[in-house]
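Each chain, letter by letter, is given below.
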Amino acid sequence: MMPFPVTTLGPQRTPPPPKHYGISSPISLAPPRETDCILTQKLIETLKPFGVFEEEEELQRRILILEKLNNLVKEWIREISESKSLPQAVIENVGGKIFTFGSYRLGVHTKGADIDALCVAPRHVDRSDFFTSFYDKLKLHEEVKDLRAVEEAFVPVIKLCFDGIEIDILFARLALQTIPEDLDLRDDSLLKNLDIRCIRSLNGCRVTDEILHLVPNIDNFRLTLRAIKLWAKCHNIYSNILGFLGGVSWAMLVARTCQLYPNAIASTLVRKFFLVFSEWEWPNPVLLKEPEERNLNLPVWDPRVNPSDRYHLMPIITPAYPQQNSTYNVSVSTRMVMIEEFKQGLAITHEILLSKAEWSKLFEAPSFFQKYKHYIVLLASAPTEKQHLEWVGLVESKIRILVGSLEKNEFITLAHVNPQSFPAPKESPDKEEFRTMWVIGLVLKKPENSEVLSIDLTYDIQSFTDTVYRQAINTAASVTGVQFPEVSSQQANPSDSPGGPPSESIPQTASQPAVPPAPKPMVTRVVSSTRLVSHPPRPSGSAAASIANPIRTLLRHQEERTKAAKTEEECSRRETSVTRLKTIQTAASVGLTGNIHCRPSQLLYRMPRRGGGWRCEEQLEWVPAEGLPRRRGGEGADECKPCF
């Protein structure tokens, strides 16, 4: 006969509190309702046509490619180990592994997306081996195409196309004799005795893995992140390099939303995402967990210690040590644009909840070219496709500097750069060149006690071009045939709100130039009064590096600019309203020798005719994109369309 269990009197154990994620308690633990499930299913159906879900066959193909690449890494590391005469016992277990990170590791990659990968090797394998012998091994593989190494990048990388899938491979050497299969890269002790480039390479995997460990439900997180990333791309606010948010930043914002509503499903989480971050009190940081102290002497984001961190406008802090702000590129303008988009997203999701709108409304792309009345157009061109690719990357990485300069102008409230670039038409049909353009929308302040607003952007634009040229020379970039920038002003109506639909628009493609209406009584002139000066040819070779950029000499001609400004001011007082469009076309080339060639700008004055239409003071022929007829300005012309 079994004895009865003995119960002892004493303090009763209280059940452990429910686990909460993040640095605070959740806002709501409410489970999903039936309507939430229906809305989530509708969200999935809406997302499918956008290609955010990959077919199972394609997913298995990616897995197979990664297995091949992983086996290739193991084989290469064994060969390196044998060449360095390591003991046979070590060679047999030396290991080596390919880890993934980014959208693929998070499980939110789209059709045709690339894969971010990390090659982890033991301590006896050097970075030089990775960029020599492993590179050569990849070159011999028949499935590898478009192989290129970027060894001098901030995070060195090998780029390739493996059986049709683009892959970026980073390299990290750990202070281990062998690499086990069950290696957990989240272990902070792995960072000991590593050089900074290896730490940077490891950071992507460590952050991605931490995010997945810090969300309550991975499936709900993934579906919500797919929706938010698509929304951000549709609304032109997905670009880390241009001052918006990149993929990891959007992932951390969604992860924080999941922490605050741990039992919610995707339809609710999307709505709560907009609610939380439209009301977020920036610059308070977004943290997924409390920062932890480590005695590794690595720089971390800490505004108490680092004065520069105090000026970050929208800090979103990575959860893995060393903690960093992933949004240090955010500017005043880009933050304003994103917060406004958050508020509009909240309003739309509220309509969806009330069955007044469908999910498709959330992903409708707004018309950037009807949102603003004033635009700056930036052009970059090069004679060959390869040089154009390099040059565009350099110019794009510096555009945020131009935006920052424009924000400091007392008459500019907002400068919104469209992350989407556009192919620009050729300057001459007979000239072989590749051209790309970006468009920056401007919101200007209304002048007080004046009908005329005159803005001189010469210094802002010149400083930007000078910075790009200096960077090109410093990096010895072999780039020629550079043309930028163009400054374009559209007629402003002071009665319209800055975000309201203006009476004119900028084209979404270069082949459809905009035609502004007849000027209103209000005159707004965006002017760049740069004067191009002749200069002696620059010497070639190493002597070129020691000579200042000739473009800087433009800034010394302050007297000429002052005279030009006075002349323009007199023009603005005419009884007839004038909109002056000044297109600065500076053809320059920057190569290893640092040569720069400039030519004078072209001016176009557009004035209203009494009988309607336009009268051009100069007869200039603008050559539009191929396939369209040429339009020639002149007396009697109804339209005068400058082609971008």
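Keep in mind it's a predicted model, so treat the numbers as computed, not measured.

**Some points on the overall build of the chain**
Here is step 1: Scanning the chain for helices and strands turns up 14 helices and 19 strands.
Here is step 2: The proportion of buried residues among the 644 residues of the chain is 50%.
Here is step 3: Contacts spanning at least 24 positions in sequence make up 72% of the contacts within the chain whose residues lie at least 6 apart.
Here is step 4: When the accessible surface of the chain is totalled, it reaches about 31,600 Å², and 51% of it is carbon and sulfur.

**What about the pattern of salt bridges?**
Here is step 1: Applying the stated rule across the entire model yields 25 salt bridges.
Here is step 2: A salt bridge links E143 to K68; the nearest nitrogen and oxygen atoms lie 3.1 Å apart. Residue E143 is located in the loop between α5 (127–140) and β3 (144–150), and its partner K68 is located in helix α2 (residues 56–83); the two are separated by 75 residues in the primary sequence.
Here is step 3: For E143, a relative accessible area of 21% corresponds to the partly exposed category.
Here is step 4: The network of salt bridges with shared partners includes K84, D126, D129 and R173.

**Considerations on the sheet that holds strand β5 (residues 165–173)**
Here is step 1: Spatially, the five strands line up as an open sheet ordered β1-β2-β5-β4-β3, and their pairing is mixed. In this open sheet, the two edge strands, each paired with only one partner strand, are β1 (97–101) and β3. Each strand of the sheet is rotated relative to its neighbour by a mean of 25 degrees, with strand direction disregarded.
Here is step 2: As paired strands, strand β4 (residues 157–162) and β5 are joined by five bridges and run antiparallel to one another. Across the sheet, L160 pairs through a bridge with I167, a residue of β5.
Here is step 3: Helix-sheet contacts for α2 involve β1, β2 (115–121), β4 and β5, and the interaxial angle to β5 is about 35 degrees.
Here is step 4: Sheet contacts for helix α6 (residues 196–213): β1, β2 and β5; angle to β5, the most-contacted strand, approximately 120 degrees.

**Topic: the nonpolar core**
Soluble globular proteins: nonpolar side chains tend toward being buried together.
Here is step 1: In this structure, F221, W231, W250, F273 and I440 are the most contacted members of the largest nonpolar core, which totals 96 residues.
Here is step 2: It is helix α7 (residues 218–234) that contributes the most residues to this core, nine residues altogether.
Here is step 3: Beyond its immediate stretch of four places on either side in the chain, I440 contacts F368, H374, Y375, I376, I399, L402, V403, L406, A415, H416 and V417.
Here is step 4: Formed by 30 residues, the second largest nonpolar core is a distinct cluster that contains I77, V94, Y104 and A117.

**Let's talk about the environment of Q344**
Here is step 1: Topologically, Q344 is positioned in helix α10 (residues 332–353).
Here is step 2: Considering only alpha carbons, one finds Q344 and F274, 70 residues apart in sequence, at a separation of 8.5 Å.

**Considering unusual backbone geometry**
Here is step 1: Of note, the amide linkage connecting W282 to P283 takes the cis form, showing an omega dihedral of 10 degrees.
Here is step 2: Structurally, P283 is set in the loop between α9 (266–278) and α10.
Here is step 3: A cis geometry characterises the amide bond from Y321 onward to P322, with omega recorded as -5 degrees.
Here is step 4: Look at S355: it is not a glycine, yet its phi comes out positive at around 65 degrees.

**Quick word on helix α1 (residues 34–47)**
Here is step 1: Over its 14 residues, α1 runs 20 Å from end to end, which matches the ideal 20 Å to within 8%, given 1.5 Å per residue.
Here is step 2: Within α1, burial applies to D36, L39, T40, L43, T46 and L47. Buried residues of α1, seen end-on, are gathered within an arc of 120 degrees and therefore sit on one face of the element.
Here is step 3: Of the surrounding secondary structure, the elements contacted by the buried residues of α1 are α7, α9 and α10.

**Structural notes on the side chain of S333**
Here is step 1: Here S333 is to be found in helix α10.
Here is step 2: Residue S333 is classed as buried on the basis of its relative accessible area, which comes to 0%.
Here is step 3: Of note is the side chain of S333, whose polar atom sits 2.9 Å from the backbone nitrogen of A415.
Here is step 4: Residues in contact with S333, not counting those within four places in the same chain, are E407, L414 and A415.

**Digging into the environment of W231**
Here is step 1: In this structure, W231 sits in helix α7.
Here is step 2: Considered as a pair, W231 and E364 are 133 residues apart in the sequence and their alpha carbons are 8.3 Å apart.
Here is step 3: Ignoring anything within four residues of it in the chain, the contact list for W231 reads I237, W250, F273, F274, E341, F342, L362 and F363.

**Digging into the packing of α7 against α9**
Here is step 1: Running from amino to carboxyl end, α7 crosses α9 at an angle of 50 degrees, the nearest separation of the two axes being 9 Å. Judged by the angle between their axes, α7 and α9 are oblique. The element α7 and its partner α9 pack so that their crossing is right-handed. Facing α7, whose interface residues are N220, L223, T224, A227, I228 and W231, α9 presents A266, L269, V270, F273 and F274.
Here is step 2: For the contact of α7 with α9, a count of residues per class yields nine nonpolar, two polar and no charged.

**Re the layout of surface pockets**
Here is step 1: Considered as a void within the structure, the second largest pocket measures approximately 340 Å³ in volume.
Here is step 2: In terms of lining residues, the second largest pocket is bounded by 17 residues, among which E293, V300, W301, D302 and R304 are the most central.
Here is step 3: Partitioned by chemical class, the residues of the lining of the second largest pocket number 10 nonpolar, two polar and five charged.

**Describing the packing of aromatic side chains**
Here is step 1: Counting across every chain of the model gives 24 aromatic pairs.
Here is step 2: An angle of 85 degrees between the planes, with centres 5.8 Å apart, marks the rings of F273 and F342 as edge-to-face. With F273 in helix α9 and F342 in helix α10, this residue pair connects regions lying 69 residues apart in the sequence. Like F273, the residue F342 is buried in the burial classification.
Here is step 3: Taken together, the ring pairs connect W231, W250, F273, F274, F277, W280, W282 and F342 into an aromatic cluster.

**As for the confidence of the model for the chain**
Here is step 1: Averaged over every residue, the pLDDT of the chain is 75; the share at 70 or more is 70%.
Here is step 2: For the stretch residues 569–644, pLDDT sits under 50, and the model shows 188 contacts to residues farther than four places along the chain or on other chains.

**Examining the packing of α7 against helix α8 (residues 247–260)**
Here is step 1: In the contact formed by α7 and α8, the axes pass within 10 Å of each other and the chain directions differ by 135 degrees. When the axes of α7 and α8 are compared, the pair comes out oblique. Crossing angle aside, the handedness with which α7 passes α8 is right-handed. Residues F221, T224, L225, I228, W231 and A232 of α7 lie in contact with α8, whose contacting residues are W250, A251, V254, A255 and C258.
Here is step 2: When the residues that make up the contact of α7 with α8 are grouped by side-chain class, the tally is 10 nonpolar, one polar and no charged.

**Quick notes on α6**
Here is step 1: For α6, spanning 18 residues, the distance from its first C-alpha to its last is 25 Å, which sits close to the expected 26 Å at 1.5 Å a residue.
Here is step 2: Along α6, the sharpest kink reaches roughly 35 degrees, centred on N203.
Here is step 3: Among the residues of α6, C198, I199, S201, L202, C205, R206, V207, T208, D209, E210, I211 and L212 are the ones counted as buried.
Here is step 4: N-cap assignment for α6: the residue whose side-chain oxygen lies 2.9 Å from the backbone N of R197 is D195.

Rules of the game
Residues numbered from 1 in each chain as written. Predicted model: local features only at pLDDT ≥ 70, side-chain atom pairs only at ≥ 80, totals over all residues. Heavy atoms only, no water. Helix = DSSP H or I, 4+ residues; strand = E, 2+ residues; numbered from the N terminus. Buried < 20%, exposed > 50% of the residue type's maximum accessible area, 1.4 Å probe, protein only. Contact = heavy atoms within 4.5 Å. Areas by Shrake-Rupley, 256 points an atom, 1.4 Å probe, with all protein chains shown as cover. Salt bridge = Lys/Arg side-chain N within 4 Å of Asp/Glu carboxyl O. Pairing = 2+ DSSP bridges. Axes fitted to C-alpha atoms, helices over the stretch in contact; angles between N-to-C directions. Core = buried A, V, L, I, M, F, W, Y, C linked by side-chain atoms within 4.5 Å. Expected span 1.5 Å × (residues − 1). Arc of directions from axis to C-beta. Polar contact = N/O pair within 3.5 Å; in protein donor to acceptor, adjacent residues only side chain to side chain. Parallel < 35°, antiparallel > 145°, perpendicular 65-115°, else oblique. Left-handed = near helix turned anticlockwise from the far one by under 90°. Nonpolar A, V, L, I, M, F, W, Y, C, P; charged D, E, K, R; others polar. 1 Å grid on protein atoms, 1.4 Å probe; cavity = no way out; pocket = protein on both sides within 12 Å on 5 of 7 lines; lining within 4 Å. Points joined across faces, edges and corners; volume = space filled by probe spheres on them. Phe/Tyr/Trp six-rings, centres within 6.5 Å; stacked < 30°, edge-to-face > 60°. pLDDT = per-residue confidence, 0-100. Bend = angle between axes of the 7 residues up to and from the residue.

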